[in-house]
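# Observations on chain architecture
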Amino acid sequence: MNSEEKIWFYEVTDDYIDYLRKFDKKVPNSKILDRKHTRKYIGVLFTINGFKYIAPLSSYKDKHNSMKESIDFLKVKDYAVINLNNMIPVIDECISKVMFEEVSDEYYKDLLENEYKVIKTKKNQILKNANIVYNQVTKYKKQKGLINRCCDFNLLEEKAEIYFQKNY
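Our next topic: the overall build of the chain. Summing up its helical and strand segments, the chain has five helices and seven strands in all. For the chain, the sequential pattern of α-helices and β-strands runs β-α-β-β-β-β-β-β-α-α-α-α. On C-alpha atoms alone, the chain measures out to a radius of gyration of 15 Å, which is about the 15 Å that the 2.2 N^0.38 rule sets for 168 residues. C-alpha atoms of the chain, sized along the principal axes, occupy 40 × 35 × 35 Å. Burial statistics for the chain: of 168 residues in total, 48% are counted as buried. Taking the contacts inside the chain whose residues are at least 6 apart along the sequence as the reference set, 67% of them involve residues at least 24 apart.

Right under this line is the structure:
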């Protein structure tokens, strides 16, 4: 991804997430039954092997106050956290851009806009860290702790290809 491109918020279809979770339980759950809003992802972090990678945003919780940022964990002030260890490969047919003006819940819309303002200021760090995490897990395979926290990117790419061929 070139640095002039925008990073943005995306939603992923529940069907695609459920499919990926069959193969890797580290893929964040869609929480279909108890969600007020669909999970948001940020991206596109990079494109590799024909797949775009996006990372989940998670709500900020008290436990995050004592956690330090790391190569795969970034805070978005006290709004949210980005878990690069749980980034996933996606296909265009399974993602949609979040348009703030279409969000009817004003409180949630303000939260998303505030998160986005912070994320824009951290864009270069996010993109750099995402590439490092991917390479550490798929190529160098030296940091066992990181590997154990991360989704199996190679497996998910393989399964995403199968999903695409079956459905599109």
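This part takes up a positive patch on the surface. On the surface, Lys6, Lys97, Lys117 and Lys120 cluster together to form a positively charged patch. Its place among the elements puts Lys6 in the segment before β1 (8-12).

Right, let's get into the packing of helix α1 (residues 14-21) against helix α5 (residues 153-167). The geometry of α1 relative to α5 is characterised by a closest axis approach of 10 Å and an angle of 130° between their N-to-C directions. Taken as axis vectors, α1 and α5 run oblique relative to one another. Classified by chirality, the crossing of α5 by α1 is right-handed. Every residue of α5 that contacts α1 at Asp15, Tyr16, Tyr19 and Leu20 is listed here: Leu156, Lys159, Ala160, Ile162 and Tyr163.

The subject of this paragraph is the pattern of salt bridges. Tallied over the full model, the rule gives four salt bridges. As a salt-bridge pair, Lys52 and Asp92 come within 2.7 Å of each other at their nearest N and O atoms. One end of the pair, Lys52, is in strand β3 (residues 51-59); the other, Asp92, is in the loop between β6 (88-90) and β7 (95-97), with 40 residues separating them in the sequence. A salt bridge links Glu69 to Lys122, with the nearest nitrogen and oxygen atoms 2.6 Å apart. Pair noted here: Glu69 is in the loop between β3 and β4 (73-76) and Lys122 is in the loop between α2 (106-121) and α3 (123-140), with a separation of 53 residues, a long-range link. Owing to a relative accessible area of 18%, Lys122 belongs among the buried residues under this scheme.

Structurally, Asn83 is set in strand β5 (residues 80-83). Apart from residues lying up to four places away in sequence, Asn83 is in contact with Ala55, Pro56, Ser58, Asp72 and Phe73.

With that settled, the discussion passes to unusual backbone geometry. A cis amide bond, omega 5°, links Gly43 with the succeeding residue Val44. Structurally, the position occupied by Val44 is in strand β2 (residues 41-48). Positive phi, normally seen in glycine, also occurs at Asn49, with a value near 55°. Summarising the element assignment, Asn49 is placed in the loop between β2 and β3. Notably, Lys77 is not glycine yet its phi reads approximately 50°, a positive angle. Mapping Lys77 onto the fold places it in the loop between β4 and β5.

To continue, consider α1. When we look at burial in α1, the residues that qualify are Tyr16, Ile17, Tyr19, Leu20 and Arg21. Those residues of α1 that are buried are in contact with β1, β2, β6 and α5.

This part takes up the packing of α3 against α5. Running from N to C, α3 and α5 point in directions that differ by 90°, and their axes come no closer than 9 Å. By the criterion of interaxial angle, the relationship of α3 to α5 is roughly perpendicular. Of the residues in α5, those touching α3 at Val133, Tyr134, Val137 and Thr138 are Phe153, Asn154 and Glu157. The residue inventory of the contact of α3 with α5, partitioned by class, reads four nonpolar, two polar and one charged.

Definitions and limits used
- Residues numbered from 1 in each chain as written.
- Predicted model: local features only at pLDDT ≥ 70, side-chain atom pairs only at ≥ 80, totals over all residues.
- Heavy atoms only, no water.
- Helix = DSSP H or I, 4+ residues; strand = E, 2+ residues; numbered from the N terminus.
- Rg over C-alpha atoms; globule rule 2.2 N^0.38 Å.
- Buried < 20%, exposed > 50% of the residue type's maximum accessible area, 1.4 Å probe, protein only.
- Contact = heavy atoms within 4.5 Å.
- Patch = residues over 30% accessible without salt bridge, like charges linked within 9 Å, V, L, I, M, F, W, Y side chains within 5 Å.
- Areas by Shrake-Rupley, 256 points an atom, 1.4 Å probe, with all protein chains shown as cover.
- Salt bridge = Lys/Arg side-chain N within 4 Å of Asp/Glu carboxyl O.
- Lys, Arg positive; Asp, Glu negative; His and termini not counted.
- Charge placed at Lys NZ, Arg CZ, Asp CG, Glu CD.
- Axes fitted to C-alpha atoms, helices over the stretch in contact; angles between N-to-C directions.
- Parallel < 35°, antiparallel > 145°, perpendicular 65-115°, else oblique.
- Left-handed = near helix turned anticlockwise from the far one by under 90°.
- Nonpolar A, V, L, I, M, F, W, Y, C, P; charged D, E, K, R; others polar.

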